[in-house]
Amino acid sequence: MTEGEFFPRISQENSVTDSSTTLSPLHATHTAAGASFTDFAGWQMPVRYGSDLAEHHAVRTGAGLFDISHMAELSVTGPQAAAFLDYALAANVSALPVSRAKYTMILDESGGIIDDLIVYQNAPGEYLVVANAGNRVPVVAALKERIHGFDAALTDGTEAIALIAVQGPAARSVLEHTKGLAAAPESAMGHTLATLPYYACMGMRFEGRAVLVARTGYTGEDGFELFVGAGDAASLWSALLVAGERFGLVACGLAARDTLRLEAGMPLYGHELSLDVQPAQVGLGRVIPLNTKSADFVGRAALEKGAAPDARVLVGLVSEGKRAGRAGYPIYAGTEQVGEITSGALSPTLGHPIAMALVDPAVSAVGTSLDIDVRGSRIHATVVSLPFYSRQSTSKEHSS
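Definitions and limits used
Per chain, the residues get numbers from 1 upward, laid out in the order the sequence is written. Totals for whole chains, interfaces and linings use every residue, but because this is a predicted model, local features are given only for residues with pLDDT of at least 70 and side-chain atom pairs only at 80 or more, for both listing and counting. Side-chain metrics rest on all non-hydrogen atoms present in the structure, leaving aside hydrogens and water. Fitted lines through C-alpha atoms give the axes, limited to the stretch in contact for helices. The angle between two N-to-C directions lies from 0 to 180 degrees. Secondary structure elements are taken from DSSP: a helix is a run of H or I of four residues or more, a strand is a run of E of two residues or more, and numbering for both begins at the N terminus. By definition in this entry, angles of less than 35 degrees are roughly parallel, angles greater than 145 are roughly antiparallel, angles of 65 to 115 are roughly perpendicular, and the rest are oblique. Working rule for handedness: look at the near helix, and if it is turned counterclockwise from the far one by less than a right angle, call the crossing left-handed; if clockwise, right-handed. Here, two residues are considered to be in contact whenever any of their heavy atoms come within 4.5 Å of each other. UniProt positions are given in the numbering used here, feature names are shortened, and annotations may be inferred rather than shown by experiment. One bridge is not enough; two strands pair if DSSP finds at least two bridges between them. Only protein chains enter the area calculation, which uses a 1.4 Å probe; residues under 20% of their type maximum are buried, those over 50% are exposed, and those in between are partly exposed. Any carboxyl oxygen of Asp or Glu that lies within 4 Å of a side-chain nitrogen of Lys or Arg is treated as forming a salt bridge with it.

1. Focus: the packing of helix α2 (residues 52-61) against helix α7 (residues 254-263)
Stage number 1. Closest axis-to-axis distance for the α2/α7 pair is 8 Å, and the angle between their directions is 50 degrees. In terms of axis orientation, α2 runs oblique to α7. In this structure, α2 meets α7 at a crossing whose hand is right-handed. In this structure, α2 contributes D52, E55, H56, V59 and R60 to the contact, and α7 contributes A255, A256, T259, L260 and E263.

2. Some details on the UniProt feature "domain: Aminomethyltransferase C-terminal" (unreviewed entry) in the protein chain
Stage number 1. Look at the UniProt record and you will see "domain: Aminomethyltransferase C-terminal" (unreviewed entry) annotated at residues 312-389.
Stage number 2. Taken end to end, residues 312-389 has its terminal C-alpha atoms 23 Å apart, with 0% of it in helix and 54% in strand.

3. A short note on the pairing of strand β3 (residues 43-48)
Stage number 1. Alignment of strand β1 (residues 22-23) against β3, held across two bridges, turns out to be parallel. Looking at the pairing, L23 lines up with Q44 of β3.
Stage number 2. Note that strand β2 (residues 36-40) and β3 share five bridges and pair antiparallel. Among the inter-strand pairings, S36 is bridged to a residue of β3, identified as R48.

4. Describing helix α3 (residues 81-88)
Along an α-helix, residues three or four apart share an orientation, since each turn contains 3.6 residues.
Stage number 1. The element α3 is extensively covered by neighbouring structure, given that six of its eight residues are classed as buried.
Stage number 2. Those residues of α3 that sit buried are A81, A82, F84, L85, D86 and A88.
Stage number 3. Packing partners of the buried residues in α3 comprise β5 (72-77), β6 (101-107), β7 (113-123), β8 (126-131) and α4 (136-146).

5. So, the pattern of salt bridges
Stage number 1. Summed over the entire model, instances satisfying the criterion amount to 13 salt bridges.
Stage number 2. Here R261 makes a salt bridge to D258, at a shortest N to O gap of 2.9 Å. With R261 and D258 both in helix α7, this residue pair falls three residues apart, about one helical turn.
Stage number 3. Residue classification places R261 among the buried positions, given a relative accessible area of 1%.
Stage number 4. Accessibility expressed as a relative area gives 34% for D258, which makes it partly exposed.
Stage number 5. E304 is paired through a salt bridge with R300; the nearest N and O atoms lie 2.8 Å apart. Placement of the pair is E304 and R300 together in helix α8 (residues 300-305), with a separation of four residues, close to one helical turn.

Structure, rendered in structure tokens:
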């Protein structure tokens, strides 16, 4: 039995469209639980089950359960799989050990961000690329174009795989007490749930079938993401909820996920990231292997040239009161507009408004005083370093 058998096998390449609504394998489960839904990149996904605030606080204090099956799962295999990904992504995938993961990006020739994603070596010579739902089409198109000349195969298994996240301080306890979720020593790749490092993965079994468990997330808390065959998703979801009752686990929607990632200073494509932005502008130059001379990836030449000197950069902003700046709100220094909010909300954890914004470099220093135009009223804000919230841990977000 190979380690790769613990990743749900993709039987055929699925067609990629962006014109029809797709339902999660857990849609009926969410409906029965009274979830409210929203369209997200063509998927009907739960936005909340009850209170956004209660769901947010559950993740910070106990644990939250998220359906993120809308994320795109792409399998890359073959003798030159690593070499292909070295070229196609802005990452040194060849150096990625088995069972480890890396946060990276796929760029266009101008250095603009097509998407940010995570790549796992989930078994020897087998790679899993997880992309954002809204960018599935352009990511697959770019990878198909770039794979020519490499002895590698690309398979889109998004509909075949469900992705469930358990996030929060009690996340590991929830998994350890989930009935039917068992260790698989022959495929654990040397890990247990207790020892699994951040940005690493291991094979497990749920009711005898393959599950890939990764210690990754998008909330700023410790947590796990579970890749499971679509047909097993409802049973696993129910088992996790039962196990989590004693640990304060609650089902959470996309609204809570958004405020959690904002507090953690994590970028969202279409807000902080876009084709018009290079990684260094949003503080992510550190994840790009420009110091590796042998790394010849698409977009490298443009990154070495760099963005224009006056290109806007990402900052954090905090303000007082309860009125929060939202995406698209302009930012002023005196009478001059110097930027725009990319994401903003009243922070449930901190109790005051927070925002990320792209601003002119001249006003990007920590401590700079700016104004946010909130529907015609000026709200004073101060530039701060990101993230706004960080759990007490030695782990670092977006580490490899």
